[in-house]
Structure formats: C-alpha cells, structure tokens
Amino acid sequence: MKFSAVSQTLSRWAGSPRTFYTAVALILAWSLSGPYFHFNDTWQLIINTSTTIITFLMVFLIQNTQNRDNDILHIKIDELLRVSKDAQNAVLSLDGLDRKELEKLRQEYRSIGQAGTVNLNNSCGHAADDAAPTKTDLNQA
C-alpha cells in the first residue's frame, strides 16, 4: 500500500471526533489511575512517552497530507489561470522563484489591487441591462 494512501486514511481517522473522544477518555483514565500507582515516575513516563511518540508520527502524517492538499490546490488554481483569457500565464511557473522575487511580485499585485477597481456586475461577462455598472475596490470587499 502506498504511503500517501495510508497517510490519507490515518489522517481521516486521526481527525475524527471519535478519535478525539477516545484520546480524552485515555487521558482521563490515565489521570484517574495516578493514585493507584502513587503518581510514580513510571506512571508519568507512560503518558510522556506515549504522547511524544504519537506527536512525532503525527508531524509526518500531517505534513504529507498538507503537501498533497497544497499540490491539489495549486493544480486547480493553475487550471483556472490557464483557462482564463485575462490571466497572466507567467504566474503559472512561480514555484521556481526565490523569496525576494515572490515578495516583489506580491507587491506588484498589491499595488494593482489598491489602484484598480472591478465591475462586479460585469465580472463574468454578463452585462446588467438596466443597472449602471458599480465600481468596487476589491480590497474593501
């Protein structure tokens, strides 16, 4: 079985309410067992070791899931840019830019957003018959 398939399955399971309530119940049972074990070092070591191992493994699981979701999102956005006649195809290859170049490009788009206005009634190519076009600053939306 592929790691990504296992990761997706475990991620769905780990994020479910049932798993959360099970974890709360286990911690409650552990804390209630403290007096029985006289709150000794082994009793504390059990919860510390367990939570450390689970957290360590969850980091990789979450990172894999985030990387996959991020790739899917980028592909969808790339497709929307590709089919939009007004989009700049240059933004399809931003992955190769370094941090300074990305910040410069972000500033350019920020200035375009602050200076430009968009006709929301006409944004999909459908003109309103009787209404005058309304200009709206996208930064204020």
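As annotated in an unreviewed UniProt entry, the chain is Low affinity iron permease family protein from Pseudomonas quebecensis.

Undergrad: Would you take a moment to explain the packing of helix α1 (residues 3-14) against helix α3 (residues 41-83) for this structure?
TA: Relative orientation and spacing of two packed helices are given, respectively, by the angle between their axes and the distance between those axes. Closest axis-to-axis distance for the α1/α3 pair is 9 Å, and the angle between their directions is 110°. By the angle between their axes, α1 is roughly perpendicular relative to α3. Contacts between α1 and α3 involve Phe3, Ser4, Ser7, Gln8, Leu10, Ser11 and Ala14 on the former and, on the latter, Met58, Leu61, Asn64, Thr65 and Arg68.

Undergrad: Before we go on, may I ask you to explain the pattern of salt bridges in this structure?
TA: Oppositely charged side chains can pair when the atoms bearing their charge come close. Summed over all chains, the structure comprises one salt bridge. Ionic pairing is found between Arg106 and Glu103, a salt bridge with its closest N-O pair at 3.0 Å. Of the two residues, Arg106 and Glu103 are both situated in helix α4 (residues 99-115); the distance of three residues between them amounts to about one turn of the helix. The class for Arg106 is partly exposed, based on a relative accessible area of 46%.

Undergrad: Could you clarify how one ought to interpret α4 in this entry?
TA: Its 17 residues place the ends of α4 24 Å apart at the C-alpha level, agreeing with the 24 Å of an ideal helix rising 1.5 Å per residue. Sitting at the amino-terminal end of α4 is Asp98, which places a side-chain oxygen 3.3 Å from the backbone nitrogen of Lys100.

Undergrad: I keep staring at the packing of helix α2 (residues 17-32) against α3 and nothing clicks. Help me out?
TA: Their axes nearest at 11 Å, the elements α2 and α3 cross at an angle of 170°. One element, α2, and the other, α3, form an angle in the roughly antiparallel class. Residue-level inspection shows Ile27, Trp30 and Ser31 of α2 in contact with α3, the latter providing Trp43, Gln44 and Ile47. Split into classes, the residues belonging to the contact of α2 with α3 amount to four nonpolar, two polar and no charged.

Undergrad: Any chance you could explain the packing of aromatic side chains here in plain terms?
TA: The description of an aromatic ring pair uses the distance of the two centres, along with the angle that the planes make with each other. Counted under the stated rule, the structure contains five aromatic pairs. With a centroid separation of 4.0 Å and an interplanar angle of 5°, the aromatic rings of Trp30 and Trp43 are classed as stacked. Within this pair, whereas Trp30 is found in helix α2, its partner Trp43 is found in helix α3, the two being separated by 13 residues in sequence. Plain terms: the ring middles of Phe56 and Phe60 are 5.1 Å apart, the flat faces sit at 80° to each other, and that makes the pair edge-to-face. With Phe56 and Phe60 both in helix α3 and four residues apart, this pair spans about one turn of that helix. Given the relative accessible area of 51%, Phe56 is considered exposed. Each residue in the set Trp30, Phe39 and Trp43 is aromatic and connected to the rest through ring pairs, giving one cluster.

Cut-offs applied
Residues numbered from 1 in each chain as written. Predicted model: local features only at pLDDT ≥ 70, side-chain atom pairs only at ≥ 80, totals over all residues. Heavy atoms only, no water. Axes fitted to C-alpha atoms, helices over the stretch in contact; angles between N-to-C directions. Helix = DSSP H or I, 4+ residues; strand = E, 2+ residues; numbered from the N terminus. Parallel < 35°, antiparallel > 145°, perpendicular 65-115°, else oblique. Contact = heavy atoms within 4.5 Å. Salt bridge = Lys/Arg side-chain N within 4 Å of Asp/Glu carboxyl O. Buried < 20%, exposed > 50% of the residue type's maximum accessible area, 1.4 Å probe, protein only. Expected span 1.5 Å × (residues − 1). Polar contact = N/O pair within 3.5 Å; in protein donor to acceptor, adjacent residues only side chain to side chain. Nonpolar A, V, L, I, M, F, W, Y, C, P; charged D, E, K, R; others polar. Phe/Tyr/Trp six-rings, centres within 6.5 Å; stacked < 30°, edge-to-face > 60°.

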